[in-house]
Structure formats: structure tokens, C-alpha cells
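# Fold and geometry: a report
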Amino acid sequence: MISKENSGITQPVGQGALLQPERFARWAWIWAYAAIVTTMAVVRYSLFVTHGFSLSGYLTAFSLIMQGRATDLAAHSLTAFLFHQQAWGLWVLAPLVQNLGIAFLFFLSAMVIGSGGLALYGIGRVWGRSSRTAAALSSLYLLYPPLIAANVYDFHLTTWAVPLILWLVWFAVRGRWLGFGILLLIGTGLGISVTGALVLTGIGLLLRREVWRFGLVAVLFALAYWSLIHRGLVIPAWAWQGHLSLRVGLYLLWVILPLLAAIAGVIIRKRNNIVNGWWVPTAAIVVFNIARGTVSDTSPFTDHSALIGPFFALAILATGELGAKLGKVALIWSLGWVVLMGGYLYHSTWRPRPANVVELSLALAKVPPTAFLVSQSYILPHRGVTDRDFPTTALFGVPIPAGTYVLLNPKVSDGYSSSAVLTQWLNIAKSPGKSRLLYHKAGVWLFVLNRSVLPSERKR
């Protein structure tokens, strides 16, 4: 081990510095977090519990990219939303996922998001917080329910904006312009939606006197990036579209209460100052999600709500010290909300999962890898990296060629395929002239089309 002398004390440096007990403990937390979250994601995936076509979209995009057909991203029904994001990070992930698999994608995402805890700890130490307070806030960040949920459910590249925010602040408070600039460029790999996170990060930095220049650069960079992608400085219409309701009230409880004990802990310490600029982006993103008023924006378990976590943690950390006893109370309180979230998600999404997983797997095994497949959102990701998947809901107006396989499990809804759409597919399955039934057991239907299905033949 390489070492140096400092006041007679031998201290490890270089690579050996990672073996310092304090640093090792912080890394152990991140590895443990990644292991737990990855396990949950893999179990959820193996049980056919998915919510939406996002994961299928990413897998389809990876396939198209690896085939050199990136121009087809705009035309494919599963990847059109990714095409408009202009996220070059897809090109980096495509070969990794194709060769290492979906489980690796889950693990990589958990490690990237978990790394934000290291950045938050470093920020706290630069701000003069004790190692106890910095570690407590880092742990609260990892335990924030919206962040865990967004990390466990499928894959969303935009969720990586969460650690991006914290690492940008870490470079800023340490005065490292080169790292800050490189990270801004890397952030564009997450797509155009990252501009919102960059602007809010810039606002938080602008309101701190010692790093206001970093904030100004972040805001100007975000505006320039937005203008470049949209070929002009287009200001989006963020008018109030939502409305106050019980759902909004429950949403606020889920995003605020898990950190309430920590907020109370820093407030009651007389030497702390609750007023700091990081409350501004925190409040802004909460109001923005409510103002949008969509189901995804007012759900505490999506990537939209996960972005609240880093700003909330920075606001609490900037307030001041968190006492030892209060820190333990805050951690126990937040952990309780994680358990509550687990129970809620189990009863709302995991418990009504498909009971015919074996039959679904057997039916999928009968679909050739090169064949086209039409299916529901929780089934398609199990085909892996392929561009031959189509959702039941995205084929109106597109001819479906003969030889296409259709796999349905009407017993479990994916929230997207309406009963009318599924009934239409089942009518085709029961028509010998239109299809050939290959498998039907425990509510699982697998059939192949004998002839093309034209848009004029479909009923909406």
C-alpha cells in the first residue's frame, strides 16, 4: 500500500484510499442499495409485473441501433417517444444490454442512481456538515420512496438525471469547472427532457453566492441545448392543466412526509437556518408536476417524482446539522415509509400479477426470435433486445403482416389494452380463416395470422 506521513499518522492514498473504513462504508451502502434494488427489479420482471411500454421501447431501440437502423426510431410505435428525446446515451447502452442482458441494465441503473448518495455526502462535507449529518442525508436519499420506485419499475433513462443533479452540485461546490462542463455534456445523453433538471439545478446554484457562476452556466447551457434541439428558443406552455383533488393531496403526502422527520430535525436546531435557495427548485418541480395534472406526473412512483429527491436532500443539507438522535429518528421514519410503499405497491400492482406465468413462458417459447409479435406491455419485454415487438394498442393505421404472432393474456390488464382491443384480437384468434391457434391454456392465447390485417378491417 502506498502511504504518506501526516503528523506521524500513516494514511492510505491513491487506490488504497478506497480501503479507508469511512470510504469503504459509503461504497458498501451503494453496493448494497444496488444489490437490493436490482433483485427487486429482476423479481418484478420475472413475475411479468411491468407498467407501460417504456422497457419494450428501450429494448426495441437498442435492437435498431445495433442493426444500424437508428433512422427507424421515429417510425416504430414503441420508439417514437425515444426518437423525440434525442438521447445519445442509447448508443452507449445498446451494445452493453445486447451482450450483458436486461438484468445488467437494472444493475447499472441502480448503481448510477445510488452514486448520487456519494455526491450528496461529499457536498455535505464541503458545506461543513459533520460526517454523521452527511451520511444521514445520503442514506435518506437512498431511502426516498419515489426514487426507489422509479428505479425498480422498468427502466427510464431520464431517472439518471437524479444523480446528475447531485454530481453537478458536487463539482460546483468544489470549484471544478472542467468536471462540471464535462458532466453537462454527458447530461445531454439523457435526452432533451434533462433541460428541466439542468435549469432547476442552475437556479439552486445561482442562489448561492459562492457558486452563482456555475448556476449561470448551467442555465445558459440548458437553454442553448433546448434551442439547438428545437431549432429555436421555444418556451414550452406550462400553464396550469391540473386541478386540486384528493389525488394531489395524497401525492404531496408521499413526496413530503418521508423526509418530514429530517426537515423537522434541522428546523428545531437553533443554529440552523431553514431559509436557503434549494427550496426554490424543490417547490418548483412539485408545483410543475401538479400543474401538469397527468396520471404519471401526479404519481409518486415515477421518474417525474424521483427528481424531487435530490433537491429536497440539498435543501435539508443546506439548512444545517442534523443531531445524532434526530438523524436516527429520520432514518427510521423514512424506512417506515419505504415499508408502507412496499405494501401499497404489492397490493396495487404485484398481487394482481399474472397467475399463469408458466403458461406465458411456454407460449413465448413457441414464438421464433425472428417473428413479429403483438402483445401486452408486461409480456413484450421478455422477448429481450428485438425490433420485432408491437403493442396491441399501437397498430391502428399500420398493416399487420401475415405470419405475425399474437400473444394475449386478457385475464390481466396492462392498463393500456382496452377490452375492446383485446376482444377484437380474440375474435381474430377464433376465426380459422384469419389465424391459426398455436396455444391456449389458462387464459393465454397464442396464434399466428394467416393473412395481413389491414387498417380498414379494424374497429376502434
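In this report, we go over the structure that sits alongside the text. (Residues numbered from 1 in each chain as written. Predicted model: local features only at pLDDT ≥ 70, side-chain atom pairs only at ≥ 80, totals over all residues. Heavy atoms only, no water.)

### Considering the overall build of the protein chain
We count it as follows: For the purposes of this entry, the term helix denotes a DSSP run of H or I that reaches at least four residues, the term strand denotes a run of E that reaches at least two, and both are numbered from the N terminus. Classification of residues uses two cut-offs on accessible area relative to the type maximum, computed with a 1.4 Å probe and protein chains only: under 20% is buried, over 50% is exposed, and between them is partly exposed. We call two residues in contact whenever any of their non-hydrogen atoms come within 4.5 Å of each other. Only the protein chains shown count as cover for residues, and all accessible areas are computed by the Shrake-Rupley method using a 1.4 Å probe.
Scanning the protein chain from N- to C-terminus turns up 19 helices and 7 strands. Out of the 460 residues belonging to the protein chain, those deemed buried represent 52%. When contacts within the protein chain are restricted to residue pairs at least 6 apart in sequence, long-range pairs at least 24 apart make up 74% of them. When the accessible surface of the protein chain is split by element, carbon and sulfur atoms take 66% of a total near 21100 Å².

### Details of the packing of aromatic side chains
So the rule is basically this: Put simply, two rings from Phe, Tyr or Trp (the six-membered ring, in Trp's case) pair if the centres are within 6.5 Å, and we call them stacked under 30 degrees between planes, edge-to-face over 60, tilted for the rest. In this analysis the charged atom, NZ for Lys or CZ for Arg, is taken to sit over a ring once it is within 6 Å of the ring centre and within 35 degrees of the ring normal.
This model, assessed by the stated rule, comprises 19 aromatic pairs. Measuring from centroid to centroid gives 6.4 Å for tyrosine 58 and phenylalanine 62, while their planes differ by 40°, and the two rings are tilted. Placement of the pair is tyrosine 58 and phenylalanine 62 together in helix H2 (residues 54-66), with a separation of 4 residues, close to one helical turn. Measuring from centroid to centroid gives 5.9 Å for phenylalanine 155 and tryptophan 160, while their planes differ by 85°, and the two rings are edge-to-face. Tryptophan 160 matches phenylalanine 155 in its accessibility class, with the two residues each being buried. Through a chain of ring-to-ring contacts, the aromatic side chains of Tyr58, Phe62, Phe81, Phe155 and Trp160 assemble into a single cluster. Lying across the ring of tryptophan 127, arginine 208 places its NZ or CZ 4.2 Å from the centre. A cation over an aromatic ring shows up here: arginine 388 above the ring of phenylalanine 372, its NZ or CZ 4.5 Å from the ring centre.

### A word on the sheet that holds strand S3 (residues 373-375)
Spelled out, the test is: Two strands make a pair as long as DSSP finds a minimum of two bridges between them. Interaxial angle, 0 to 180 degrees, is taken between N-to-C directions of lines fitted to C-alpha atoms, where a helix line uses only the stretch in contact.
Ordered in space as S4-S3-S5-S7-S6, the 5 strands form an open sheet in which the pairing is mixed. Here the strands that pair on one side only, and so sit at the sheet edges, are strand S4 (389-391) and strand S6 (435-441). Strand after strand, the sheet turns through a mean of 20° between neighbouring axes, direction not considered. Sheet topology note: the S3/strand S5 (residues 405-408) ladder contains 3 bridges and is parallel. Bridged to leucine 373 within S5 is tyrosine 405. Relative to strand S7 (residues 444-449), helix H19 (residues 419-429) is tilted by about 65°, and along the sheet it contacts S3, S5, S6 and S7.

### As for the environment of tryptophan 278
Checked against the element boundaries, tryptophan 278 lands in the loop between helix H13 (260-267) and helix H14 (279-292). Apart from residues lying up to four places away in sequence, tryptophan 278 is in contact with Trp127, Val169, Thr201, Gly204, Leu205, Arg208, Phe311, Leu314, Ala315 and Ala318.

### Considerations on the pattern of salt bridges
Note the following rule: Should a side-chain nitrogen of Lys or Arg be within 4 Å of a carboxyl oxygen of Asp or Glu, the pair is scored as a salt bridge.
Enumeration over the complete set of coordinates arrives at 5 salt bridges. Across the pair arginine 69 and aspartate 387 runs a salt bridge whose closest N-O atoms are separated by 2.6 Å. One end of the pair, arginine 69, is in the loop between H2 and helix H3 (80-85); the other, aspartate 387, is in the loop between S3 and S4, with 318 residues separating them in the sequence. By relative accessible area, arginine 69 is classed as partly exposed at 30%. Between aspartate 389 and arginine 383 there is a salt bridge; the shortest N-O distance is 2.9 Å.

### Structural notes on the pairing of S7
Counting buried positions along S7 gives 6 out of 6 residues, so the element sits mostly inside the fold. Burial of the side chains of S7 extends over both faces: Val444, Leu446 and Val448 are buried on one face and Trp445, Phe447 and Leu449 on the other. Pairing of S5 with S7 involves 4 bridges; the strand directions are antiparallel. Paired with tyrosine 405 across the bridge in S7 is valine 448. Strand direction decides the pairing type here: S6 and S7, joined by 6 bridges, are antiparallel. Along S7, the bridge assignment pairs serine 435 with leucine 449. Linking S6 to S7, which pair antiparallel, is a turn of 2 residues; within it alanine 442 sits at a positive phi near 55°.

### Some words on unusual backbone geometry
Its identity as a non-glycine residue notwithstanding, aspartate 154 has a phi of 60°, on the positive side. With respect to the helices and strands, the residue aspartate 154 is situated in the loop between helix H7 (145-152) and helix H8 (161-173). You can call aspartate 154 buried: its relative accessible area is 3%. Of note in this structure, alanine 442 is not a glycine but carries a positive phi near 55°. Mapped onto the elements, alanine 442 comes out in the loop between S6 and S7.

### Looking at empty space enclosed by the protein
Operational definition: Only protein atoms enter the 1 Å grid used here, on which a cavity is any set of points holding a 1.4 Å probe that cannot leave and a pocket is any open set flanked by protein within 12 Å on both sides along at least five of seven lines; residues with an atom within 4 Å of a point are listed as lining. Grid points are joined across faces, edges and corners, and a volume is the space filled by probe spheres set on the points. Under this grouping Gly is polar, as are all residues other than the nonpolar Ala, Val, Leu, Ile, Met, Phe, Trp, Tyr, Cys and Pro and the charged Asp, Glu, Lys and Arg.
Taken as a whole and judged by the stated rule, the model has 2 cavities of 30 Å³ or more. Approximately 40 Å³ is the volume found for the second largest cavity. Around the second largest cavity, the lining residues are Leu137, Leu140, Tyr141, Tyr144, Leu259, Gly309 and Ala313. Of all elements in the fold, only helix H6 (131-142) and helix H16 (308-319) reach the threshold of two or more residues within the lining of the second largest cavity. Per-element tally for the lining of the second largest cavity: the top contributor is H6, with 3 residues. For the lining of the second largest cavity, the per-class residue count stands at 6 nonpolar, 1 polar and no charged.

### Some words on a nonpolar patch on the surface
Defined as follows: What makes a patch is a set of residues exposed beyond 30% relative accessible area and free of salt bridges, joined within 9 Å when like-charged and within 5 Å when nonpolar (Val, Leu, Ile, Met, Phe, Trp, Tyr).
Together, Trp88, Trp91, Val92, Leu96, Leu100, Leu178, Ile182 and Ile186 make up a nonpolar patch on the protein surface, roughly 790 Å² of accessible area in all. Put simply, the parts of the chain that give the nonpolar patch at least two residues each are helix H4 (89-100) and helix H9 (177-187). The element that contributes the greatest number of residues to the nonpolar patch is H4, accounting for 4 residues. Note that tryptophan 88 resides in the loop between H3 and H4. Under the relative-accessibility criterion, tryptophan 88 is labelled partly exposed at 40%.

### Describing the nonpolar core
Generally speaking, soluble globular proteins have nonpolar side chains that are buried together. The cut-off we apply is this: Grouping buried Ala, Val, Leu, Ile, Met, Phe, Trp, Tyr and Cys residues that are joined through side-chain atoms within 4.5 Å yields what is termed a nonpolar core.
Membership of the largest hydrophobic core comes to 107 residues, with the highest contact counts inside it found for Phe62, Leu157, Phe180, Trp278 and Leu314. In terms of residue count, the dominant contributor to this core is H8 (11 residues). Apart from residues no more than four positions distant in its own chain, phenylalanine 180 is found in contact with Leu168, Phe171, Ala172, Leu205, Phe214, Val217 and Ala218. Membership of the second largest hydrophobic core comes to 19 residues, among which are Phe48, Val412, Tyr439 and Leu446.

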